[in-house]
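Spelled out, the chains give:
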Amino acid sequence: MSRVIQVFEYEKLTIHKDWRGRYLAPRELERLYEFNDNNDNVYFTGIRDGVKFKNYVGVIQIGGLTIEILPKTDNNKSDDSEFEDWHGALLNMLRICKHIKVKSVSEASLKRKHNSLLDLYFETYLDEVEGLLRQGLVKKYRRTSSNVLALKGRLDFNKNIQQNLIHQERFYTEHQVYDYENLINQIILKALVILGSLTYNSQLKDRILRLRASFPDIKEIQIQKYHFDKVKENRKTVSYFRALQIAKMIILNYSPDIRSGQENMLTLLFDMNKLWEEYIYRMLIRAKGDNLTINFQNMQKFWEGRTIRPDIVITKKQGEIEEVFIIDTKWKVLSINNPKPGDNDLKQMYTYNLYWNAKKSMLLYPNSKEIKESFGSYWKGRENPKENQCKVGFANVLNEKNELDLAIGNNILDKILV
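What you are looking at is a predicted structure, and each value in this text was computed from that prediction instead of being measured. (Residues numbered from 1 in each chain as written. Predicted model: local features only at pLDDT ≥ 70, side-chain atom pairs only at ≥ 80, totals over all residues. Heavy atoms only, no water.)

A short note on the overall build of the protein
Alright, step 1. From N to C terminus, the protein includes 12 helices and 19 strands.
Alright, step 2. Considering the protein as a whole, with its 418 residues, one finds that 48% of them fall into the buried category.
Alright, step 3. A fraction of 65% describes how many contacts in the protein between residues 6 or more apart in sequence connect residues 24 or more apart.
Alright, step 4. Accessible area for the protein stands at about 22,800 Å²; split by element, carbon and sulfur atoms hold 47% of it. (Helix = DSSP H or I, 4+ residues; strand = E, 2+ residues; numbered from the N terminus. Buried < 20%, exposed > 50% of the residue type's maximum accessible area, 1.4 Å probe, protein only. Contact = heavy atoms within 4.5 Å. Areas by Shrake-Rupley, 256 points an atom, 1.4 Å probe, with all protein chains shown as cover.)

Some thoughts on empty space enclosed by the protein
Alright, step 1. Scanning the model with the defined rule gives 1 cavity of 30 Å³ or more in all.
Alright, step 2. Roughly 30 Å³ of volume is contained in the largest cavity.
Alright, step 3. Lining the largest cavity are G58, E68, L70, H87, L90, L91 and L117.
Alright, step 4. At the level of secondary structure, the elements contributing two or more residues to the lining of the largest cavity comprise β6 (65-70) and α2 (80-96). (1 Å grid on protein atoms, 1.4 Å probe; cavity = no way out; pocket = protein on both sides within 12 Å on 5 of 7 lines; lining within 4 Å. Points joined across faces, edges and corners; volume = space filled by probe spheres on them.)

A look at the pattern of salt bridges
Two side chains of opposite charge can pair, provided their charged atoms sit close to one another.
Alright, step 1. Applying the stated criterion to the full structure yields 16 salt bridges.
Alright, step 2. Here R3 and E28 are joined by a salt bridge, their closest N and O atoms 2.6 Å apart. Taken as a pair, R3 in strand β1 (residues 3-8) and E28 in helix α1 (residues 26-38) lie far apart in primary sequence, 25 residues in all.
Alright, step 3. R3 sits in the partly exposed class, given a relative accessible area of 25%. (Salt bridge = Lys/Arg side-chain N within 4 Å of Asp/Glu carboxyl O.)

What to know about the packing of α2 against helix α10 (residues 272-287)
Alright, step 1. Axis separation between α2 and α10 bottoms out at 9 Å; the angle between their running directions is 65°. Our pair here, α2 against α10, has a crossing hand that is left-handed. Of the residues in α10, those in contact with L90, M93, L94 and I96 of α2 are M272, L275, W276, Y279, R282, M283 and R286.
Alright, step 2. Residues of the contact of α2 with α10, tallied by class, amount to 9 nonpolar, no polar and 2 charged. (Axes fitted to C-alpha atoms, helices over the stretch in contact; angles between N-to-C directions. Left-handed = near helix turned anticlockwise from the far one by under 90°. Nonpolar A, V, L, I, M, F, W, Y, C, P; charged D, E, K, R; others polar.)

A word on helix α9 (residues 241-252)
Alright, step 1. For α9, which comprises 12 residues, the first-to-last C-alpha distance of 16 Å matches the rise-based estimate of 16 Å (1.5 Å per residue) to within 8%.
Alright, step 2. Residues R242, A243, L244, I246, A247, M249, I250 and I251 constitute the buried set of α9.
Alright, step 3. Structurally, α9 contributes buried residues whose contacts are with α4 (117-135), α6 (183-198), α8 (225-230), β10 (254-255) and β11 (265-271). (Expected span 1.5 Å × (residues − 1).)

What to know about the packing of aromatic side chains
Alright, step 1. Scanning the entire structure with this criterion turns up 12 aromatic pairs.
Alright, step 2. On the numbers, 5.9 Å between centres and 80° between planes, the contact of F44 with F53 is edge-to-face.
Alright, step 3. Classification of F44 by relative accessible area gives buried; the value is 1%.
Alright, step 4. Both rings, one in W276 and one in W331, keep their centres 5.2 Å apart while their planes meet at 65°; by these two values the pair is edge-to-face. One end of the pair, W276, is in helix α10; the other, W331, is in the loop between β16 (321-329) and α11 (343-355), with 55 residues separating them in the sequence. W331 carries the same exposure label as W276, and that label is buried.
Alright, step 5. K360 extends its terminal NZ or CZ atom over the ring of F375, reaching a point 4.8 Å from the ring centre. (Phe/Tyr/Trp six-rings, centres within 6.5 Å; stacked < 30°, edge-to-face > 60°. Lys NZ or Arg CZ within 6 Å of the ring centre and 35° of its normal.)

Considerations on the confidence of the model for the protein
Alright, step 1. Averaged over every residue, the pLDDT of the protein is 86; the share at 70 or more is 88%.
Alright, step 2. Here helix α3 (residues 107-110) stands out as the element of the protein with the lowest mean pLDDT, 42, in contrast to strand β2 (residues 12-14), whose mean of 97 is the highest.
Alright, step 3. Low confidence marks residues 104-114, where pLDDT is under 50. Its contacts with residues over four positions away, or in another chain, come to 24 contacts. (pLDDT = per-residue confidence, 0-100.)

With respect to the sheet that holds β11
Through backbone hydrogen bonds, the strands of a sheet pair up, either in parallel or in antiparallel fashion.
Alright, step 1. Pairing is mixed across the open sheet formed by 5 strands, whose spatial order is β1-β6-β5-β11-β10. If you trace the sheet from one side to the other, it starts and ends with β1 and β10, each paired once.
Alright, step 2. Bridging between β1 and β6 involves 6 bridges; their strand directions are parallel. Following the sheet pairing, V4 is matched in β6 by T66. (Pairing = 2+ DSSP bridges.)

And the structure:
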């Protein structure tokens, strides 16, 4: 039996039912506490009888419970339709940032609730494994020791005497074999086994069973992080790239419940600050004209071994004249009544302007309301204050149809290039 709970960033979940009927079972809460303790309390805050989520979005599966954590750009009380809107927006943002691969995506299909984030990842992984099986898995040479009927390789005299004193027609040797028993196939198999224990989707379970039946008879091993470092990309393994990416996500984020086996856990969480930053960059690339260059996370030396790194640097070229503009993205909801940035953010932009010789920069926040914007001037660092300015800008993540606004790149360029 499975159930799905949807929450927004910074909402709470406890063992007591809230007004939406959402709750955690005591064992589910215990598993969340364990997970958070093992990850330096990064993903959420432990509160009395529950947890409060932070700026990480995505999905957590604990046994039969799936928790979807969604982004949101205002502090208003939410209705059910908002969950559906932001579910679709998150999936589309992940698709644009190439964190997820979706066939023939449309806004409508992305908003359907059955397209859960985990199921889309699982389906993508199964598609990749099916493709690898069709083309044939990679074979490699490996050394092994065994009893064989023909002398090949190096004879192990001690073991040959121990095991073949009676069966003198056999030879215990160390020799090479060419087969499917190699690390890259073992990684693919391990992720497939984990999926079989996690998913409650009957269609996915059926696909997993069929793929397991088609898989060669290779040994299942425990896969750790260092195993992925051992995989070397070459001509034979280039087709494994996407499958290995997803296998790594599945294996390293899987936390089996070693006591009861009922609350096995898988997490797929994204820092919204980083996702927002990457999404804005990719949408600016889509919108830019031939006279613009968009660079992501440029770096300059700042002090001793320290560096500074603005999110996005835009260079506009007109003939021989070049102008530089800086954008720093902030996934933070400012007060509508007093939409002012913090002093530290303004000081940071002042430094970027000086180091990149930019006359204008912008702190870009998400929002869902129209807010008046204007450039403010710094009073030091240029002869003319209007040559050292910063704007507090706001971008609507959703459009008028409550779908992800795919014109956001053009809107942002209009704000900064004024």
